[in-house]
Amino acid sequence: MPRFTRPVTAVLIAVWASACASTGTQHTPATPETVHAAQLEQQQSLITRDLRQQRRVDDLGHVLLAVATPYCRGAVTVGTGVRFANVNSFPSSYEDAARAIGFSDTVVIVSVARGSAAARAGIAVGDRVIGVNDGTVPRGPNAAAQLARAITTVGPSAPRLTLRRGDTTFLMDAAGRHEARARSATPSSDTHVTVPADTVCGYNLIASRKDETNAWADGSNVTVTSAMLRFVVDNDELAAVLAHEIAHNALGHVQAQQQTAIDGSFGAIVDTSAAVRAMIASGATGRQPLDVGSLVFTQPQEQDADDVAMYLLARAGRPVAEVTNLWRHVAQHNPANVKYV
């Protein structure tokens, strides 16, 4: 069955059901209160989806960053595999929604990469951070970033966190959240955990809310759009995307390229430019979208990235034979954008 048959069928059924239900139905005019409630519910859904997508990227990407260290010699660092957030981690317009699903000024663990040393130590999503190294924990704006820096600072001893076991209702839909809170048990006592770290390539993994089927490396980050995450429903395909972009960073391809213009068709993976940071410094971002200026790597660079990506996938224990499915999937989605064989 073609890959896109099921969504199209679902849309047709939805349209048909809507048409049947609309006959003879009278609608109550929306009030400001009902509009606000609907907006709040949608914002909660977006936050939940974003957090789930970031966790998916972290789960697959952390091990790839670890096995890539032979290639990213100048970018090797320690990585805990832990990601934090509080209410200030979201846009101010989403504050009410974030609070409604359990976020506050205190920092909560929202992602623990599968297979990381932190996961093996028992650190879990939903844990609320109460203290750091027997002292107070940052609160309010920038608290999550401050805490992340504090536990990755190389010192004579591993950092320690005081954690209060929490829940993961912020990752659930509204119905699941309500049920979980209804049956919630008495809060457990605080625990002290030494935060272990892995040796990894120091590239930040980002799940970006963008509607272009795209992924790119900029020398410091690996970014995958939400549209790409929907496109690669298979985790082996997503791992191949991440490995390919990590390889571009590790091999120094971004620094070696010049900025060129590309067209507006993003049907395949297109690696966008590290020159974005120069655009930010010059203030040009207000006039030019991110993806207007992009790097198009040479065919030898793409081949090198693919070769290294296969090596990373093999070292991470992923089935390299499945990588062909990704490129077949990309070609079926938009044959005109297949540049290299």
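Computed from a predicted model, the values in this text were never measured in an experiment.

### Quick look at helix 12 (residues 323-333)
(1) Moving on: Among all positions of helix 12, only Val323, Leu326, His329 and Val330 are buried. Taken down its axis, helix 12 places every buried residue within 120° of arc, on the same side.
(2) Moving on: If you follow the buried residues of helix 12, they end up packed against helix 7 (226-231), helix 8 (235-250) and helix 11 (299-315).

### Some thoughts on the nonpolar core
(1) Moving on: Counting 35 residues, the largest nonpolar core has Leu242, Ile246 and Leu312 as its most contacted members.
(2) Moving on: Of all elements in the fold, only helix 2 (32-67), strand 8 (198-201), strand 11 (221-225), helix 7, helix 8, helix 11 and helix 12 reach the threshold of two or more residues within this core.
(3) Moving on: Sequence-distant contacts of isoleucine 246, that is, excluding residues within four places in its chain, are made with Gly61, Leu64, Leu65, Ala68, Tyr203, Val222 and Leu312.
(4) Moving on: One finds Ala85, Tyr94, Ala97 and Leu161 within the second-largest nonpolar core, a separate group that totals 33 residues.

### Thoughts on the pattern of salt bridges
It is possible for side chains of opposite charge to pair when their charged atoms get near one another.
(1) Moving on: Evaluated as defined, the whole model comprises 11 salt bridges.
(2) Moving on: Between arginine 99 and glutamate 95 there is a salt bridge, with the nearest N and O atoms lying 3.1 Å from each other. In this pair, arginine 99 and glutamate 95 both sit in helix 3 (residues 95-100), four residues apart, roughly one turn of the helix.
(3) Moving on: For arginine 99, a relative accessible area of 37% translates into the label partly exposed.

### Re unusual backbone geometry
(1) Moving on: Phi is positive for asparagine 142, close to 70°, though the residue is something other than glycine.
(2) Moving on: By the secondary structure assignment, asparagine 142 is in the loop between strand 5 (135-136) and helix 5 (143-152).

### Observations concerning the layout of surface pockets
(1) Moving on: Of the pockets and cavities examined, the largest pocket occupies roughly 980 Å³.
(2) Moving on: Lining the largest pocket are 39 residues; nearest its centre among them are Asp58, Val82, Arg83, Asn204 and Leu205.
(3) Moving on: Breaking the lining of the largest pocket down by element, the ones donating at least two residues are helix 2, strand 1 (76-79), strand 2 (82-85), strand 3 (108-112), helix 5, strand 8 and strand 9 (204-208).
(4) Moving on: Counting residues per element, the lining of the largest pocket draws most heavily on helix 2, which supplies seven residues.

### A word on the state of the cysteines
(1) Moving on: Applying the stated rule across the entire model yields one disulfide.
(2) Moving on: Across a sulfur-sulfur distance of 1.9 Å, cysteine 72 and cysteine 201 are joined as a disulfide pair. Handedness here is read from the sign of the S-S torsion; for cysteine 72 and cysteine 201, about -90°, the answer is left-handed. With cysteine 72 in the loop between helix 2 and strand 1 and cysteine 201 in strand 8, this pair connects stretches of sequence that are 129 residues apart.
(3) Moving on: Taking the relative accessible area as the measure of exposure, cysteine 72 reaches 2% and is therefore buried.

### A word on the pairing of strand 11
(1) Moving on: Counting buried positions along strand 11 yields five of five residues, so the element is predominantly enclosed.
(2) Moving on: The two faces of strand 11 match: Asn221, Thr223 and Thr225 on one face and Val222 and Val224 on the other face are all buried.
(3) Moving on: Two elements, strand 9 and strand 11, share five bridges in a ladder whose sense is parallel. Looking across to strand 11, one finds that alanine 207 is bridged to valine 224.
(4) Moving on: Between strand 10 (residues 215-217) and strand 11, which pair antiparallel in sequence order, lie three residues; one of them, glycine 219, sits at a positive phi of approximately 95°.

### Overview of the sheet that holds strand 9
(1) Moving on: Pairing within the open sheet is mixed, and its three strands lie in the order 9-11-10. At either end of the open sheet lies a strand with only one pairing partner, and these are strand 9 and strand 10. Averaged over all neighbouring strand pairs, the angle between strand axes comes to 15°, with direction disregarded.
(2) Moving on: Two elements, strand 10 and strand 11, share three bridges in a ladder whose sense is antiparallel. Looking at strand 11, one finds that tryptophan 216 is bridged to threonine 223.
(3) Moving on: Running over the sheet, helix 8 touches strand 10 and strand 11 and is turned about 145° from strand 11.

### What to know about the pairing of strand 3
(1) Moving on: Within strand 3, five of the five residues are buried, which leaves the element mostly enclosed by the surrounding structure.
(2) Moving on: The pairing of strand 2 with strand 3 spans four bridges and is classified as antiparallel. Looking across to strand 3, one finds that phenylalanine 84 is bridged to isoleucine 109.

### Side note on the packing of aromatic side chains
(1) Moving on: Scanning the entire structure with this criterion turns up two aromatic pairs.
(2) Moving on: Between the aromatic rings of tyrosine 71 and tyrosine 311, the centroid separation amounts to 5.7 Å while the plane-to-plane angle is 75°, which identifies the pairing as edge-to-face. Note that tyrosine 71 is positioned in the loop between helix 2 and strand 1 and tyrosine 311 in helix 11, a separation of 240 residues in sequence.
(3) Moving on: With a centroid separation of 5.0 Å and 65° between ring planes, the pair formed by phenylalanine 90 and phenylalanine 103 is classed as edge-to-face. Taken together, the residues phenylalanine 90 in the loop between strand 2 and helix 3 and phenylalanine 103 in the loop between helix 3 and strand 3 connect sequence positions 13 residues apart.

The rules behind each value
Residues numbered from 1 in each chain as written. Predicted model: local features only at pLDDT ≥ 70, side-chain atom pairs only at ≥ 80, totals over all residues. Heavy atoms only, no water. Buried < 20%, exposed > 50% of the residue type's maximum accessible area, 1.4 Å probe, protein only. Helix = DSSP H or I, 4+ residues; strand = E, 2+ residues; numbered from the N terminus. Arc of directions from axis to C-beta. Contact = heavy atoms within 4.5 Å. Core = buried A, V, L, I, M, F, W, Y, C linked by side-chain atoms within 4.5 Å. Salt bridge = Lys/Arg side-chain N within 4 Å of Asp/Glu carboxyl O. 1 Å grid on protein atoms, 1.4 Å probe; cavity = no way out; pocket = protein on both sides within 12 Å on 5 of 7 lines; lining within 4 Å. Points joined across faces, edges and corners; volume = space filled by probe spheres on them. Disulfide = S-S within 2.5 Å. Pairing = 2+ DSSP bridges. Axes fitted to C-alpha atoms, helices over the stretch in contact; angles between N-to-C directions. Phe/Tyr/Trp six-rings, centres within 6.5 Å; stacked < 30°, edge-to-face > 60°.

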